[in-house]
Amino acid sequence: MKPKHAPLAPIALACLLAVAGGAQAQQQQPSYKIAYIDPLSGPFANVGELMLTHTQYAIEEINAKGGVLGGTKLQLLQFDSKLSAQESQSALQAAIDQGAQAIVTGGSGSSVVTALVQSVARWNQRNPGKELIVLNHSSIDPEMTGKNCSFWHFQTEANTAMKMKALANYIKKTPDVKKVYLLNQDYAHGKQWASYGRQLVGLARPDVQFVGETLHPIGRVKDFSPYIANIKQSGADSVITGNWGQDMTLLLKAAGDAGYNLRYFNHSAGSVPGTVLAVSQAKLGQLTWVAEWHPGQTDTPRADALAKAYKAKTGKDFLAPRIDFTPRLLAAAINKAGSTDTVKVARALEDMSYDSVVGPIRMRAEDHQLLLPQVVNTIAPVDGKTVKVGWEGTNYGFRTDAVYTGNELAQGSDCKMVRP
């Protein structure tokens, strides 16, 4: 007859259950879900992929260091906006259904992101306790932190007015800019870029002549030769253009093919894959743009170290610190709030200061506009002095022209925020 097993002592049984329960709780600890909604197909897919990789890298590093709140991991959900407000709404609903609490976006254009923010605000009003926040790293229409501001939206990139002010300050000291043509994409931000260009550059340089203005369909022009012909006929030496992605590279190609040596003033084109290559192939034109940092910039050891680590892990070039520190800001706010409750996290983000790889930054409470430095820089040939590093396999890189702090570029805001 087999001996019967003696029953576990009550204390031993209690300990075993406690250990098992603790392990199960650790395994079942809910993650904090972040939905990435940006173009992953179509003409701007390379932009969306770049932004996604930056976001993924930051989240993986946050999780490797323990996540937030002493162990909660961040989980990234991916959705393709297809550069469409309607597709973004479908993506938002899918994100909500999957339990997302934050949206990271910005590469779909200001009109699409504005519609997304408005939908989030409506959802939050109808579903207290299930709110979401939107962190926008690249759509920079000032109205998003102005008359269309929302408690649920946080802008982690300098807006159009701030970027144009930086360029206007530079143009003020650039006397060879005399005749300017305004060529922009026909959507909300393209119109804003043209408007601020005329206003702020005109204020900085009253002698500058604006010799023409055109809006073109976004992402649908295959040949910019007719536009270049019109610009050439106007006698312009410079173009203020908000074009990005394919629209920027095709514009550069058309001007190069026509032998037209223009100056371009842009908000962020140099950070988009293919732009430096397009400038090098055109061999004509000077593209000046604005960002919080550029590759090869001097005296930026922390950004340089991040770029090196990013390249080692992903095999891709690092271009946008702000996209990397967007989820890091969110993680810091969750820890500051001591909670993943969306309202508490949003309040923690307000007026939050953060020591980023590009220096101190601050989220302005009154309109949720991040104040961060801006570097005016021009894509130019490597000369060993002002441009030391080639980019995209070319002998062209970035030349620093001027650096401004977020406070120097800060604009007033007509935001009248309604807080819950």
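Quick caveat: nothing in here was measured; it's all calculated off a predicted structure.

Undergrad: Would you mind showing me how to read the overall build of the protein chain here?
TA: Helix and strand counts for the protein chain come out as 13 helices and 15 strands. Relative to the globule expectation of 22 Å for 420 residues, the C-alpha radius of gyration of the protein chain, 24 Å, shows essentially globular dimensions. Counting only C-alpha atoms and orienting by the principal axes, one finds that the protein chain spans roughly 105 × 45 × 35 Å. Expressed as a percentage of the 420 residues in the protein chain, the buried residues total 55%. Here the analysis covers contacts within the protein chain between residues at least 6 apart in sequence; of these, 72% occur between residues at least 24 apart. Across the protein chain, the mean location of the 42 positive side-chain charges is 3 Å away from that of the 35 negative side-chain charges.

Undergrad: Teacher, can you tell me more about the state of the cysteines here?
TA: By definition, a disulfide links two cysteine residues through a covalent bond between their sulfur atoms. Evaluated as defined, the whole model comprises one disulfide. Between the sulfur atoms of Cys149 and its disulfide mate Cys415 the distance is 2.1 Å. On the sign convention where negative is left-handed, the bridge of Cys149 and Cys415, at about 80° about the S-S bond, is right-handed. Within this pair, whereas Cys149 is found in the loop between strand 4 (133-136) and strand 5 (153-155), its partner Cys415 is found in the segment after helix 13 (406-409), the two being separated by 266 residues in sequence. The burial state of Cys149 is the same as that of Cys415; both residues are buried.

Undergrad: Hey, could you run me through the packing of helix 2 (residues 45-64) against helix 11 (residues 321-337) in this one?
TA: To describe two helices that pack against each other, one gives the angle between their axes and the distance between the axes. One can describe the packing of helix 2 onto helix 11 by two numbers: an axis separation of 7 Å at closest approach and a directional angle of 40°. Viewed along their axes, helix 2 and helix 11 adopt a mutual orientation that is oblique. The handedness of the crossing between helix 2 and helix 11 is right-handed. Contacts between helix 2 and helix 11 involve Met51, His54, Thr55, Tyr57, Ala58, Ile59, Glu61 and Ile62 from the first element and Ile323, Asp324, Pro327, Arg328 and Ala331 from the second. Residue classes in the contact of helix 2 with helix 11 are distributed as eight nonpolar, two polar and three charged.

Undergrad: I'm lost on the sheet that holds strand 12 (residues 359-363) in this one. Help?
TA: In spatial order, the strands read 11-12-13; together these three strands make up an open sheet with antiparallel pairing. Since the sheet does not close on itself, it has two edges, and those belong to strand 11 (353-356) and strand 13 (370-371), each with one partner. As paired elements, strand 11 and strand 12 share four bridges and run antiparallel to each other. Paired with Ser353 across the strands is Arg362, a residue of strand 12.

Undergrad: Whenever I open this one, the nonpolar core confuses me. Can you help?
TA: Soluble globular proteins tend to pack their nonpolar side chains together in the buried interior. Membership of the largest hydrophobic core comes to 96 residues, with the highest contact counts inside it found for Ile34, Ile103, Ile133 and Leu330. Broken down by element, this core gets its largest block of residues, eight residues, from helix 5 (residues 160-172). Residues in contact with Ile103, not counting those within four places in the same chain, are Ala35, Ile37, Leu92, Ala95, Leu116, Leu132, Ile133, Val134 and Leu135. In terms of nonpolar packing, the next biggest core, distinct from the first, is built from 29 residues, Tyr227, Ile231, Leu287 and Tyr396 among them.

Undergrad: Which parts of the structure should I look at to understand unusual backbone geometry?
TA: It is generally the case that most residues other than glycine have a negative phi and that most peptide bonds are trans. Phi at Lys82 is positive, roughly 55°, even though this residue is not glycine. Within the secondary structure, Lys82 sits in the loop between strand 2 (74-80) and helix 3 (85-97).

Undergrad: How should the environment of Gln297 be read in this particular structure?
TA: Mapped onto the secondary structure, Gln297 falls in the loop between strand 10 (286-291) and helix 10 (301-314). Among the residues examined, Gln297 registers a relative accessible area of 11% and is labelled buried. Each C-alpha atom, one on Gln297 and one on Lys388, is 9.0 Å from the other, the two residues being 91 residues apart in sequence. Not counting the four nearest positions on each side in its chain, Gln297 is found in contact with Asp304, Val375 and Thr400.

Undergrad: What is the right way to read helix 11 from this model?
TA: Helical periodicity: at 3.6 residues per turn, an α-helix aligns residues three or four positions apart in one direction. For helix 11, built from 17 residues, the straight-helix expectation of 24 Å at 1.5 Å per residue is met to within 8% by its first-to-last C-alpha distance of 24 Å. Summarising burial for helix 11: 13 of the 17 residues are buried, a large majority. Among the residues trailing helix 11, Gly338 stands out with phi positive, at a value near 70°.

Undergrad: Please clarify how the packing of aromatic side chains should be interpreted in this entry.
TA: Pairs of aromatic rings are described using the distance from one ring centre to the other and the angle between the two planes. For the coordinates displayed, the defined rule picks out eight aromatic pairs. Aromatic pair Phe151 and Trp152: ring centres 4.9 Å apart, planes at 85°, arrangement edge-to-face. A relative accessible area of 11% places Trp152 in the buried class. Ring geometry for Trp289 against Phe398: centres 5.6 Å apart, planes inclined by 65°, an arrangement best described as edge-to-face.

Undergrad: Would you explain helix 4 (residues 110-126) in this entry?
TA: Look at helix 4: 24 Å from first C-alpha to last across 17 residues, which is about the 24 Å you get at 1.5 Å a residue. On its buried face, helix 4 sits against strand 1 (32-38), helix 3, strand 3 (102-105), strand 4, strand 5 and helix 6 (188-204).

Undergrad: Is there a simple way to think about the environment of Thr275 in this case?
TA: Topologically, Thr275 is positioned in helix 9 (residues 275-282). For Thr275, a relative accessible area of 0% gives the class buried. In this structure, the C-alpha to C-alpha distance between Thr275 and Asn63, residues 212 residues apart in sequence, is 33 Å. Beyond its immediate chain neighbours, meaning those up to four positions away, Thr275 contacts Met248, Thr249, Leu252, Ala269, Gly270, Leu287, Ile379 and Glu392. Among the polar contacts listed, one links the side chain of Thr275 to the backbone oxygen of Ala269, at a separation of 2.8 Å. A polar atom in the side chain of Thr275 sits 3.0 Å from the backbone oxygen of Val272.

What counts and how
Residues numbered from 1 in each chain as written. Predicted model: local features only at pLDDT ≥ 70, side-chain atom pairs only at ≥ 80, totals over all residues. Heavy atoms only, no water. Helix = DSSP H or I, 4+ residues; strand = E, 2+ residues; numbered from the N terminus. Rg over C-alpha atoms; globule rule 2.2 N^0.38 Å. Buried < 20%, exposed > 50% of the residue type's maximum accessible area, 1.4 Å probe, protein only. Contact = heavy atoms within 4.5 Å. Lys, Arg positive; Asp, Glu negative; His and termini not counted. Charge placed at Lys NZ, Arg CZ, Asp CG, Glu CD. Disulfide = S-S within 2.5 Å. Axes fitted to C-alpha atoms, helices over the stretch in contact; angles between N-to-C directions. Parallel < 35°, antiparallel > 145°, perpendicular 65-115°, else oblique. Left-handed = near helix turned anticlockwise from the far one by under 90°. Nonpolar A, V, L, I, M, F, W, Y, C, P; charged D, E, K, R; others polar. Pairing = 2+ DSSP bridges. Core = buried A, V, L, I, M, F, W, Y, C linked by side-chain atoms within 4.5 Å. Expected span 1.5 Å × (residues − 1). Phe/Tyr/Trp six-rings, centres within 6.5 Å; stacked < 30°, edge-to-face > 60°. Polar contact = N/O pair within 3.5 Å; in protein donor to acceptor, adjacent residues only side chain to side chain.

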